[in-house]
Each structure stands twice: as structure tokens, then as C-alpha cells.
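Here is what each chain is made of, one letter per residue.
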Amino acid sequence: MAIKKVMVIGAGQMGAGIAQVCAQSGFNVVLNDMNEEALQKGMKNIEKLLTRAVEKERITNTDKTDTLNRLTSSTQLKDARDCDLVIEAVVENMDVKTKVFSELDGFAPKHAILASNTSSLPITEIAAATNRPDQVIGMHFMNPVPVMKLVEIIRGLQTSDETFNAIQTMTNELSKTPVEVKDFPGFVSNRVLMPMINEAIYTVYEGVASPEDIDTVMKLGTNHPMGPLTLADFIGLDTCLYIMEVLHEGFGDSKYRPCPLLRQYVKAGWLGKKTGRGFYQYS
């Protein structure tokens, strides 16, 4: 199946990034968000990133103009009616996602593939909210989307080979590297990454070392580009906690138990960079 027109639902950092990459790769894109203010902010962020890319001579002014001309905005799901692919990038909550997919199923054309950018939730369960579970798949982009090359493609229990092949082909057209992953909690990236972050938080909790020294050990000792606690602040400590809870519930294994200090920070509203404070303070 040829994918020509894409809708991205959710104009936050991830959704706007996905929309930008799709539009830059030649796809016609509808960026959708129920919140008009969030939608306009997402569109402005795309334009700002493209302007910066022109200034750094990564793209031309013509590239920027062509990309923006392929982008339209929408506040209604019914605008999916002529799309070949819909990528959902809303809040990481199963009830919200299944509601979106159930409604989308009634608007998107019968041939359309419905994809979720979920970082940890089961694709099989999301697919079950539709009448086309064989056409539902996971496309887990990494943050920031325009920079990071990886896309985890997650096959639900019902996902067809045709759907997988179409998404794999499109991912390559986005100049990303697709990796096939089965539908297990946390997939690969977060199943490996989040327990490492959680363990780094335990080392702070137990007084083993300071956040700065823990990050230095991981950067200089294991060649990580960013320390785990800096990364946790960047991701959002609430998101880290949520994913650890998904892993803990999904596997029933105590090794995935979220650190009490992580819970305490989230309850305090110290969510990382987005709130100005996490393991570090941000001006």
C-alpha cells in the first residue's frame, strides 16, 4: 500500500516532530490537536526548527517552504477521512489512546493504517479498540524526532505482514532506521533504559553518590552521551515513573519496582526540565 497522506494526532513535542519529519520527507501531513492553542504552538515550533535548520545550512529556504506547504492543521478527527496513515502521539494513557483509536476507526478510510507512538503500552490492546486490528501497529519514535534515527516498529498480536511492510518502507523513506519489536512491556528501548535510570535513582536514594557524580561515571566510564539522571530530567520524571509502573505491572517482577525517591519527586512536582527542577535545577 502506498502511503501519501498522513495525520499526526497530538501537537506536542513528539507529535510536532513526527509531523515535521513526515512533511520534510515529501508526505502531505495533517497535524491534529483538539486544543487550538497547543496546535498553533506545535505549528510554530515546526517553523522555528525549520528556520534554524536553514540558518545552519542543513536545508535550503525552498526546502523549508515546501515542507510548510505540505503541512495543514486540524482540530477534528474526521479530517482523517482521506489519510492513508494516522500516527497517534497523545498522552501515555491507555484509556485516552483506546478512545482515540475507537473514534478514528469510524473516520479513517478502510485501507488506512493506524499507528501509535506509545513508548510502553501494548499495541495488541490498543488494536482491540478498533475493527481493523490487523492494520494497527506501533511506531515508537525517539525524542527529539528530527534528530534521532531510530523507530521501533511494534507488531501487535493481530498486525498483518502487509501493515508491517508498509510501515517499514515508510520509515526508511523518513531516513530513519526501523527495528522490528514484539509487543512486550517497554518494547526494547524502555525495557533496557528505564531500569538503568531507576537504578541510578536508587544510587542517589541510598546515598552512594551525588547525581552529578553518577552522571559523570556513566558518561566517562561507559561512554554514554548523557548521564542517566540528566536524561531522566529531559524525559520527564513522571514519564519515567509511568513506564516503570507499566514494566512492573506487565512483568510482575520486583526488579522493575520504581524507586521510592522517584515517586517522591513526582509527588513534589519535580518532574525535570519541564518544571524547572528534577535531579538538577533549570533556570
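Residues numbered from 1 in each chain as written. Predicted model: local features only at pLDDT ≥ 70, side-chain atom pairs only at ≥ 80, totals over all residues. Heavy atoms only, no water.

- The name that an unreviewed UniProt entry assigns to the protein is 3-hydroxybutyryl-CoA dehydrogenase, with the source organism given as Virgibacillus indicus.
- UniProt, in the comment section headed Pathway (unreviewed entry), describes the protein in these words: "Lipid metabolism; butanoate metabolism."
- UniProt, in its Sequence similarities (unreviewed entry) section for the protein, records the words "Belongs to the 3-hydroxyacyl-CoA dehydrogenase family." (UniProt positions renumbered as here; feature names shortened; annotations may be inferred.)

### What to know about the nonpolar core
Consideration 1: Val-6, Cys-22, Leu-85, Ile-87, Met-139, Phe-141 and Met-170 are the most contacted members of the largest nonpolar core, which has 37 residues in total.
Consideration 2: Leave out the neighbours within four places in its chain, and Met-170 touches Ile-3, Val-6, Cys-22, Phe-27, Leu-85 and Met-139.
Consideration 3: In this structure, Met-7, Ile-9, Ile-154 and Val-181 belong to the second largest nonpolar core, which totals 23 residues. (Core = buried A, V, L, I, M, F, W, Y, C linked by side-chain atoms within 4.5 Å. Buried < 20%, exposed > 50% of the residue type's maximum accessible area, 1.4 Å probe, protein only. Contact = heavy atoms within 4.5 Å.)

### Points about the sheet that holds strand S3 (residues 71-74)
Consideration 1: In space, the eight strands of this open sheet follow the order S3-S2-S1-S4-S5-S6-S7-S8, with mixed pairing throughout. Where the open sheet ends on each side, the last strands, each with one partner, are S3 and strand S8 (177-182). Here the strands of the sheet are splayed against their neighbours by 25° on average, with no regard to which way each runs.
Consideration 2: Across four bridges, the pairing between strand S2 (residues 28-32) and S3 is parallel. Bridge pairing in S3 places Val-30 opposite Thr-72.
Consideration 3: Against the sheet, helix H1 (residues 13-24) touches strand S1 (5-9), S2, S3, strand S4 (85-88) and strand S6 (136-141), its axis set at about 170° to S2. (Pairing = 2+ DSSP bridges. Helix = DSSP H or I, 4+ residues; strand = E, 2+ residues; numbered from the N terminus. Axes fitted to C-alpha atoms, helices over the stretch in contact; angles between N-to-C directions.)

### Regarding helix H9 (residues 228-235)
Note: α-helices contain 3.6 residues per turn, so residues at a spacing of three or four share the same orientation.
Consideration 1: Three or more residues of H9 are buried, namely Pro-228, Leu-229, Ala-232 and Asp-233. Mapping the buried residues of H9 onto a view down its axis gives an arc of 145°, with all of them on the same face.
Consideration 2: Count one or two residues on from H9 and you reach Gly-236, which has phi positive near 110°. (Arc of directions from axis to C-beta.)

### Describing the UniProt feature "site: Important for catalytic activity" (unreviewed entry) in the protein
Consideration 1: The positions UniProt marks with the feature "site: Important for catalytic activity" (unreviewed entry) are His-140.
Consideration 2: Here His-140 lies in strand S6.
Consideration 3: Contact partners of His-140, with chain neighbours within four places excluded, come to Ser-116, Asn-117, Thr-118, Ser-119, Leu-150, Val-151, Glu-152, Ile-154, Phe-187, Ser-189 and Asn-190.
Consideration 4: Polar side-chain contacts of His-140 include one of 2.7 Å to the side chain of Glu-152. (Polar contact = N/O pair within 3.5 Å; in protein donor to acceptor, adjacent residues only side chain to side chain.)

### Concerning the layout of surface pockets
Consideration 1: One number sums up the size of the second largest pocket: a volume of about 240 Å³.
Consideration 2: Lining the second largest pocket are 13 residues, and of these Ile-9, Asn-32, Met-34, Leu-77 and Val-100 lie nearest its centre.
Consideration 3: At four residues, helix H4 (residues 94-107) tops the list of elements feeding residues into the lining of the second largest pocket.
Consideration 4: Considering only residue class, the lining of the second largest pocket consists of six nonpolar, four polar and three charged. (1 Å grid on protein atoms, 1.4 Å probe; cavity = no way out; pocket = protein on both sides within 12 Å on 5 of 7 lines; lining within 4 Å. Points joined across faces, edges and corners; volume = space filled by probe spheres on them. Nonpolar A, V, L, I, M, F, W, Y, C, P; charged D, E, K, R; others polar.)

### Looking at the environment of Leu-174
Consideration 1: Within the fold, Leu-174 resides in the loop between helix H6 (161-173) and S8.
Consideration 2: In this structure, the C-alpha to C-alpha distance between Leu-174 and Gly-106, residues 68 residues apart in sequence, is 28 Å.
Consideration 3: Sequence-distant contacts of Leu-174, defined by excluding residues within four places in its chain, comprise Val-21, Cys-22, Ser-25, Phe-27 and Phe-141.

### Some points on the environment of Gln-13
Consideration 1: Topologically, Gln-13 is positioned in helix H1.
Consideration 2: Along the sequence, Gln-13 and Tyr-282 sit 269 residues apart, while their C-alpha atoms lie 19 Å from each other.

### Section: the domain arrangement of the protein
Consideration 1: What the domain assignment reports for the protein is domain 1 (5-182) and domain 2 (189-273).
Consideration 2: Taking the mean C-alpha position of each, domain 1 and domain 2 sit 27 Å from one another.
Consideration 3: Across the contact, 10 residues belong to domain 1 and six residues belong to domain 2.
Consideration 4: Between domain 1 and domain 2, roughly 600 Å² of surface is buried when both sides are summed, and carbon and sulfur atoms account for 54% of that area.
Consideration 5: Contact with domain 2 buries area across many residues of domain 1, yet Glu-92, Ser-119 and Ser-120 alone supply 48% of it, more than any other trio.
Consideration 6: Here domain 1 and domain 2 share zero salt bridges between them.
Consideration 7: Here domain 1 is connected to domain 2 by three residue pairs in polar contact (both at pLDDT 80 or more).
Consideration 8: Taken together, the residues of the side of domain 1 that touches domain 2 sort by class into three nonpolar, five polar and two charged. (Domains from an automatic or database assignment. Buried area = accessible area lost by both parts, 1.4 Å probe. Salt bridge = Lys/Arg side-chain N within 4 Å of Asp/Glu carboxyl O.)

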